[in-house]
Amino acid sequence: MNLKTLLSSLLIAASAFGSVGAQTYPSKTISLIVPYPAGGPSDFFARKLQPDAAAKLGQTMIIENIGGAGGAIGMAKLLSSAADGHTLSLGSPMELVLAPMAIQGVKYKSEDFKLVAQFATTTTILAVRNSLNIKTVDELLALARKNADKPLSYGSVGPGSLYHLVGEKFSQLTKVQMLHVPYKGIAPLLTDLMGGQIDMAFLPMAGSIPQTLIDGKIQGLAVTAKAPHPLFKQFPAMATMKGLEAMDFDIWAGVQVHKNTPDAVVNTLNKAFYAAAEAPDNRKALEGSGNVVLASRSPAELARVYQGEIERYRAIAKSINLQPQ
């Protein structure tokens, strides 16, 4: 057999193997990695979508909370698993795009992942501990400048997370120095903010955050958007304030797989997760917690969207001179 014939045979065999793999997928329990501790927005999304997605796939799906390093530890676990669609992640630009730029120990690249579904987006809100006794951005800045020798502290889910970048952008635009305090996830960050251990944070308007604001456990000041949040119009849009026009940030949530996952498997997952997100009860829960539910997109459309998001967040990181830590 000559080399040309051998290569042809190998290609045919590989094609047949991929076809059989797709036809039998999923053949075992699916692991959905949430790269943060339980209780945060990502965990909220996962637990809402898991039952319907699993039913659509006809296979058991378990949620693994793997926090740390701004979500990078969970994403690294995905890449160390077989690229067969039995290990997924529920992530965002923070872990996919920002962590590789901000954390020296992260070895993966944004391009190592493939986006399966992008189902919701939300803005962030600047919130402070109640004991600061302030209710506006102007009051916050006045307090910070009055006590310039003691910088206000702000929490994030780790270096390079969107909440870190937003905090640094806010500090840059206002010329107010702030102390960054990293956490492993939103849940422990929120606990410390409510308890007064940190002064402020930029938080996603999703998961438990809206109810925490309603219950008065933290004080919201403004949303990082060009218009008020439709469910919380009492909080002004920061991007309409003089000098803060660049404070227009949102964040999306989606499901990812290893880039080498077969297209047929990606298509199957795409349909399952969009069906789960569009189920009436799930849609109501997502929207009720402050999210905008996105229309379904094909894997090809998502590939273009993902590339655009990579470029977008890399530009934000460059604007604040983000350095790996």
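Below or above, wherever it landed, is the structure these notes cover. (Residues numbered from 1 in each chain as written. Predicted model: local features only at pLDDT ≥ 70, side-chain atom pairs only at ≥ 80, totals over all residues. Heavy atoms only, no water.)

What follows deals with the overall build of the chain. When its secondary structure is counted, the chain shows 11 helices and 10 strands. Computed over the C-alpha atoms, the radius of gyration of the chain is 21 Å, within 12% of the 20 Å expected from 2.2 N^0.38 for a compact globule of 325 residues. Expressed as lengths along the three principal axes of its C-alpha atoms, the size of the chain is roughly 80 × 40 × 30 Å. Expressed as a percentage of its 325 residues, the buried residues of the chain come to 51%. Here the contacts in the chain between residues at least 6 apart in sequence split such that 77% fall between residues at least 24 apart. Of the accessible surface of the chain, which amounts to about 14400 Å², a share of 55% is contributed by carbon and sulfur atoms. Averaged over its 30 positive side-chain charges, the chain has a centre that lies 2 Å from the centre of its 24 negative ones. (Helix = DSSP H or I, 4+ residues; strand = E, 2+ residues; numbered from the N terminus. Rg over C-alpha atoms; globule rule 2.2 N^0.38 Å. Buried < 20%, exposed > 50% of the residue type's maximum accessible area, 1.4 Å probe, protein only. Contact = heavy atoms within 4.5 Å. Areas by Shrake-Rupley, 256 points an atom, 1.4 Å probe, with all protein chains shown as cover. Lys, Arg positive; Asp, Glu negative; His and termini not counted. Charge placed at Lys NZ, Arg CZ, Asp CG, Glu CD.)

Per the counting criterion, the structure on display carries 11 salt bridges. We note a salt bridge from Arg 47 to Asp 43, for which the minimum N-O separation is 2.9 Å. Of this pair, Arg 47 and Asp 43 both sit in helix 2 (residues 41-57), separated by 4 residues, roughly a single helical turn. For the salt bridge of Lys 226 with Asp 248, the shortest nitrogen-to-oxygen distance reads 3.8 Å. Taken together, the positions of Lys 226 in the loop between strand 8 (219-223) and strand 9 (250-258) and Asp 248 in the loop between strand 8 and strand 9 put the pair 22 residues apart, joining distant regions of the chain. What makes Lys 226 exposed here is its relative accessible area of 63%. For Asp 248, a relative accessible area of 32% puts it in the partly exposed group. (Salt bridge = Lys/Arg side-chain N within 4 Å of Asp/Glu carboxyl O.)

By size, the foremost hydrophobic cluster in this structure holds 104 residues, and its most contacted members are Phe 170, Met 200 and Leu 203. If we skip the residues at most four places from it in the chain, Phe 170 touches Leu 126, Val 137, Leu 140, Leu 141, Met 178, Met 200, Phe 202, Met 238, Leu 244 and Met 247. (Core = buried A, V, L, I, M, F, W, Y, C linked by side-chain atoms within 4.5 Å.)

What follows deals with unusual backbone geometry. Note that the residue after Tyr 25, namely Pro 26, is joined by a cis bond; omega there is -5°. Take Pro 26: it is sitting in the loop between helix 1 (3-24) and strand 1 (30-34). Even without a glycine there, the phi angle at Ala 69 is positive, about 55°. Structurally, the position occupied by Ala 69 is in the loop between strand 2 (61-65) and helix 3 (72-80). The phi torsion at Lys 175 lies on the positive side, around 60°, for a residue other than glycine. By secondary structure assignment, the location of Lys 175 is in the loop between helix 6 (162-174) and strand 6 (178-182). By relative accessible area, Lys 175 is classed as exposed at 74%.

For the largest pocket, the calculated volume is near 230 Å³. Along its surface, the largest pocket is lined by 17 residues, and Thr 122, Thr 123, His 229, Pro 230 and Val 292 are the ones closest to its centre. When its residues are assigned to classes, the lining of the largest pocket shows 7 nonpolar, 7 polar and 3 charged. (1 Å grid on protein atoms, 1.4 Å probe; cavity = no way out; pocket = protein on both sides within 12 Å on 5 of 7 lines; lining within 4 Å. Points joined across faces, edges and corners; volume = space filled by probe spheres on them. Nonpolar A, V, L, I, M, F, W, Y, C, P; charged D, E, K, R; others polar.)

Where helix 5 (residues 137-146) is concerned, the buried positions are Val 137, Leu 140, Leu 141 and Ala 144. The buried side chains of helix 5 occupy one side of the element, clustering within an arc of 95° when seen end-on. For helix 5, the exposed residues lying more than 90 degrees away from the buried face are Asp 138 and Lys 146. Looking at the buried residues of helix 5, the elements they touch are strand 4 (113-128), strand 5 (152-156), helix 6, strand 7 (200-204) and strand 8. (Arc of directions from axis to C-beta.)

Under the counting rule described, the total for this entry stands at 5 aromatic pairs. Linked through ring pairs, Phe 44, Phe 45 and Phe 119 together constitute an aromatic cluster. (Phe/Tyr/Trp six-rings, centres within 6.5 Å; stacked < 30°, edge-to-face > 60°.)

What follows concerns helix 11 (residues 299-319). With 21 residues, helix 11 should cover 30 Å at 1.5 Å per step; its first-to-last C-alpha distance of 30 Å lies within 8% of that length. Among the residues of helix 11, those classed as buried are Leu 302, Tyr 306, Glu 309, Ile 310, Tyr 313, Ile 316 and Ala 317. Viewed along the axis of helix 11, the buried residues span an arc of 135°, placing them on a single side of the element. Away from the buried face of helix 11 by more than 90 degrees, exposed residues Arg 304, Glu 311 and Lys 318 are located. Buried residues along helix 11 sit against helix 4 (93-102), strand 4, helix 6, strand 9 and helix 9 (263-278). Looking one or two residues past helix 11, Asn 321 carries a phi angle of roughly 55°, positive in sign. (Expected span 1.5 Å × (residues − 1).)

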